[in-house]
Amino acid sequence: MTVWLARWLGPLLLVSLWELSAPASLLRRLGEHIQQFQESSAQGLGLSLGPGAAALPKVGWLEQLLDPFNVSDRRSFLQRYWVNDQHWVGEDGPIFLHLGGEGSLGPGSVMKGHPAALAPAWGALVISLEHRFYGLSIPAGGLEMAQLRFLSSRHALADVVSARLALSRLFNVSSSSPWICFGGSYAGSLAAWARLKFPHLIFASVASSAPVRAVLDFSEYNDVVSRSLMSTAIGGSLECRAAVSAAFAEVERRLRLGGAAQAALRTELSACGTLGSAENQAELLGALQALVGGAVQYDGQEGAPLSVRQLCGLLGGGGNRSHSTPYCGLRRAVQIVLHSLGQKCLSFSRAETVAQLRSTEPQLSGVGDRQWLYQTCTEFGFYVTCENPRCPFSQLPALPSQLDLCEKVFGLSALSVAQAVAQTNSYYGGQTPGANQVLFVNGDTDPWHVLSVTQALGSSESALLIRTGSHCLDMAPERPSDSPSLRLGRQNIFQQLQTWLKLAKESQVKGEV
C-alpha cells in the first residue's frame, strides 16, 4: 500500500513545490492546479486507508521505444498508464483511452470526469496514457537537446499505437472491441490526430478544446479574452473590460515612473525580479495578462482561483465599488491567485526564467516547463500576444521576445519556429484535418476554441460548441451548478458515443457473419 500511495500521491504532494520550479506561464500553473484539484478528491478516488478500503486504480508501465521511427535504435523508456476496470464487461467491451498531454497524469484521469463517467453505461475499460517526457514517463538521460528530439506529437502518436497493441494483449481485449480516444487541450488534438492517422486502430475520438491549428502569433487568444470580459452571461461587462484596461495602464504608468513607484509596484504585485529592465517589465506584464486570461480560460471551474464574475467584482467593473481603483483590484486578484497556487512570486527576472528553462533536470512538479517550451518551438507556436489595438492589456511581451526564448534556451531561430508551425499544419491539416468519427467539443468562452473545429466538417466530423463553456469544461466531473448548456453538451457527447458504439456493434456482427 505504501508504494502505491507514494506513486500516485507524489504529483499531488509536490504541488507545494511549484515555487521552486521554472517560472513558466501562469496559465500552465493554473491548468495543472485545477486538474489536480478536480482529480485529488479522496472520496472520488475511492481512497481509504482503513480495513476493506476500495481498490485504487491500477498503475502500470509500458516499455516504449525512445525512437520508434528507427528500427536499429533499441533504446527504451517506461511509460506510465492507469487502469480502471471496475465497469468493464470483459474482452468484448469498448476501451476508452484517455490521452495525457503536457503534464503528469494521475489516477483521477481514469476515475473522475470524462471518460470515466461514461464508462458505466457501456461497460468500458478506462485506460489513461501519460505523454512521453512528462510526469514520471521521462526517459533516462534527462532533458538534454539530444533527448528532446524524441519529444513531439508524432512520437506521442507512435506511443499510442504501441500502447494500443500492447494493452490489447495484456488485457486480452477482443480484436473487435472499439478503442475510443479522449483528450483535452493539446491531448485533445492528439486524440483527433490518432483517429486521423490510425483509423484502423482507433475507432473514434472525442477531442475537447483541441487547438488543432498551430499558430505562431496567437493574438486571437486575447481577442476572445476581451469579448469574454464584456460577456454579461458570465459576469462581464463593458465596465469590466474598461477596468482591466485601466489597471494595466496604471501598471505601465508606474513602471515608467521608475524609482520608488517602481519599487512599490514590485512589492505590491509580487514580482520577484527587479523591474529596471524592459525585459523584466515584460515578464511581469505577461504574468498579469495570464492572470486575467486564466480567469477567462478556466471560468467557473472547480479549483479555479478566480472566475470572470469575481475578477470583474474585484476591479470594480462588476458593480462592486469596494476597491478604490482597478489597480487595487488587480493587486487583490494577484494575492488570491498566488495564495491558491501556493506561490510567492507572480513573475521572475528574464535571466532567471531563461536559466530555469535551460536546466536539463526534470522538474519536481508535473508541469514540464522546458518540455512544453520545446514543443512550442518545434511544432506549435501558440505565443499569446497583445498587439491588436482592441486588446485590453499591455503590448508587452511582444512576439519577438517570446521567440527569443526558443533561441536562448534551445538555439532555435525565429525562422525555424515559423517553419515548424507551418509543417505541423501541413502534416495534420490544421482546422480541416479530414478525420471521420471525431467529435470536437469546445466552449465559446475558452480562448483556445478559435484554433479548434467549431463547425461540423461533414456528417462524420462533428463539432459541438458549448455556450459559456470554458477550457475542457465538458471533461470535468459533473456538479449541481453545471449550466444547462453544459448539461446539454454532455448529453450530446453521450448520444454521439451511443451512435458510434452501435455502429461498432453492427460492424462486429457483420464480421462474424
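Refer to the preceding data block for the structure.
Residue indices follow the written sequence of each chain, beginning from 1 at its first position. A pLDDT threshold of at least 70 governs which residues receive local features in this predicted model, and a stricter bar of 80 or more applies before side-chain atom pairs are shown or counted, although totals over entire chains, interfaces and linings include all residues. Note that the side-chain values use all heavy atoms of the structure and ignore hydrogens as well as water.

Asker: What's the story with the layout of surface pockets in this structure? I'm lost.
Answerer: Gaps left between atoms show up when a probe the size of a water molecule is rolled over them. If you add up the space inside the largest pocket, you get close to 280 Å³. Polarity classes work like this: nonpolar for Ala, Val, Leu, Ile, Met, Phe, Trp, Tyr, Cys and Pro, charged for Asp, Glu, Lys and Arg, and polar for all others, with Gly in that last group. When grouped by side-chain class, the residues that make up the lining of the largest pocket number four nonpolar, five polar and four charged. Counting only domains with at least three residues in the lining of the largest pocket, you end up with domain 1 (56-213 + 431-510) and domain 2 (216-423). Only protein atoms enter the 1 Å grid used here, on which a cavity is any set of points holding a 1.4 Å probe that cannot leave and a pocket is any open set flanked by protein within 12 Å on both sides along at least five of seven lines; residues with an atom within 4 Å of a point are listed as lining. Grid points are joined across faces, edges and corners, and a volume is the space filled by probe spheres set on the points. Where each domain begins and ends follows an automated or database-derived domain assignment.

Asker: Sorry if this is basic, but what is going on with the state of the cysteines here?
Answerer: Throughout, a disulfide means two cysteine sulfur atoms within 2.5 Å of one another. As enumerated under the stated definition, the model contains four disulfides in all. Here C272 engages in a disulfide with C345; their sulfurs sit 1.8 Å apart. The S-S bond linking C272 to C345 shows a torsion near -80 degrees; that makes this disulfide left-handed. Taken together, the residues C272 in the loop between α9 (259-268) and α10 (278-297) and C345 in the loop between α12 (326-341) and α13 (350-358) connect sequence positions 73 residues apart. Helix numbers and strand numbers start at the N terminus; a helix is a DSSP run of H or I with at least 4 residues, a strand a run of E with at least 2.

Asker: Explain the sheet that holds strand β2 (residues 76-84) to me, please; I cannot follow it from the model alone.
Answerer: The strands making up a sheet associate through backbone hydrogen bonding, with each pair oriented either parallel or antiparallel. When DSSP finds two or more bridges between two strands, those strands count as paired. The eight strands are arranged β1-β2-β4-β3-β5-β6-β9-β10 in an open sheet whose pairing can be described as mixed. This sheet does not close on itself; its edge strands, each paired only once, are β1 (58-65) and β10 (461-466). Between one strand axis and the next, the sheet turns by 20 degrees as a mean value, whatever way the strands run. Pairing analysis gives four bridges linking strand β6 (residues 204-208) to strand β9 (residues 438-443), with the strands arranged parallel. If you follow S208 over to β9, its bridge partner there is V441. Sitting on the sheet, helix α6 (residues 186-197) is in contact with β3 (95-99), β5 (179-184), β6 and β9, with an inclination near 155 degrees to β5. Here the axes come from fitting lines to C-alpha atoms, over the contacting stretch only for helices, and the angles between their N-to-C directions go from 0 to 180 degrees. Contacts are assigned to residue pairs with any non-hydrogen atoms lying within 4.5 Å of each other.

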